[in-house]
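Below, each chain spelled out in residue letters.
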Amino acid sequence: TERKTAINRSRKSELKTYIKKFEAALNSGEIEKAKAYLKDIESRLDRAAAKNTIHKNAAARKISRLRAKLNKTA
């Protein structure tokens, strides 16, 4: 249990880090860099959902909201 908790915590932390990098790229106007981060975030969120770290609907919701931010900025 402790090992799995540590793995899940690590995955969630990694996701948060990438989301922060994505938002920083958006705020600085680097759209291409943000698109690259979004592609990476999508795969990581899908993988986390497949491994039951987060719920699949939560992953889909996060992807949707991040994509909406990107589209609004671009």
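Bear in mind that the values here come from a model prediction, so they are computed numbers and not experimental data. (Residues numbered from 1 in each chain as written. Predicted model: local features only at pLDDT ≥ 70, side-chain atom pairs only at ≥ 80, totals over all residues. Heavy atoms only, no water.)

Student: Sorry, what's going on with the overall build of the chain here?
Tutor: Along the backbone of the chain there are 3 helices and 0 strands. Listed by position from the N terminus, the elements making up the chain come as α-α-α. Referenced to the eigenvectors of the C-alpha coordinate spread, the extents of the chain come out at roughly 45 × 20 × 15 Å. The proportion of buried residues among the 74 residues of the chain is 30%. (Helix = DSSP H or I, 4+ residues; strand = E, 2+ residues; numbered from the N terminus. Buried < 20%, exposed > 50% of the residue type's maximum accessible area, 1.4 Å probe, protein only.)

Student: I would appreciate a short explanation of unusual backbone geometry in the present structure.
Tutor: Where the residue is not glycine, phi is negative for most of them; where a peptide bond is considered, it is trans in most cases. Positive phi values are uncommon outside glycine, yet asparagine 52 reaches one of about 60°. The residue asparagine 52 is located in the loop between helix H2 (31-50) and helix H3 (56-73) in this model.

Student: I would appreciate a short explanation of the packing of aromatic side chains in the present structure.
Tutor: Aromatic rings in a pair are described by how distant their centres are and how their planes are angled relative to each other. Going through the model one piece at a time under the given rule, you end up with 1 aromatic pair. Here the aromatic rings of tyrosine 18 and tyrosine 37 are separated by 6.4 Å at their centres, their planes lie at 65°, and the arrangement is edge-to-face. Separated by 19 residues along the polypeptide, tyrosine 18 in helix H1 (residues 2-27) and tyrosine 37 in helix H2 bring together distant segments of the chain. We classify tyrosine 18 as buried; its relative accessible area is 17%. Above the plane of the ring of tyrosine 18 lies lysine 21, whose end atom (NZ or CZ) is 5.2 Å from the centre. (Phe/Tyr/Trp six-rings, centres within 6.5 Å; stacked < 30°, edge-to-face > 60°. Lys NZ or Arg CZ within 6 Å of the ring centre and 35° of its normal.)

Student: How do you make sense of the environment of lysine 72 when you look at a structure like this?
Tutor: Its location among the elements puts lysine 72 in helix H3. Distance in space between the C-alpha atoms of lysine 72 and arginine 61 is 16 Å, their sequence separation being 11 residues.

Student: Is there a simple way to explain the nonpolar core in this structure?
Tutor: Note on soluble globular proteins: their nonpolar side chains tend to be buried together. Core analysis: the largest hydrophobic core is formed by 18 residues, its most contacted members being Phe22, Ala34, Ile41, Leu45, Ile54, Leu66 and Leu70. When contributions to this core are tallied by element, the ones reaching two or more residues are H1, H2 and H3. Sorting elements by how many residues they give to this core places H2 first, with 7 residues. The contacts of isoleucine 54, once residues within four sequence positions are left out, are Lys12, Leu15, Leu45, Ala48, Ala49 and Ala59. (Core = buried A, V, L, I, M, F, W, Y, C linked by side-chain atoms within 4.5 Å. Contact = heavy atoms within 4.5 Å.)

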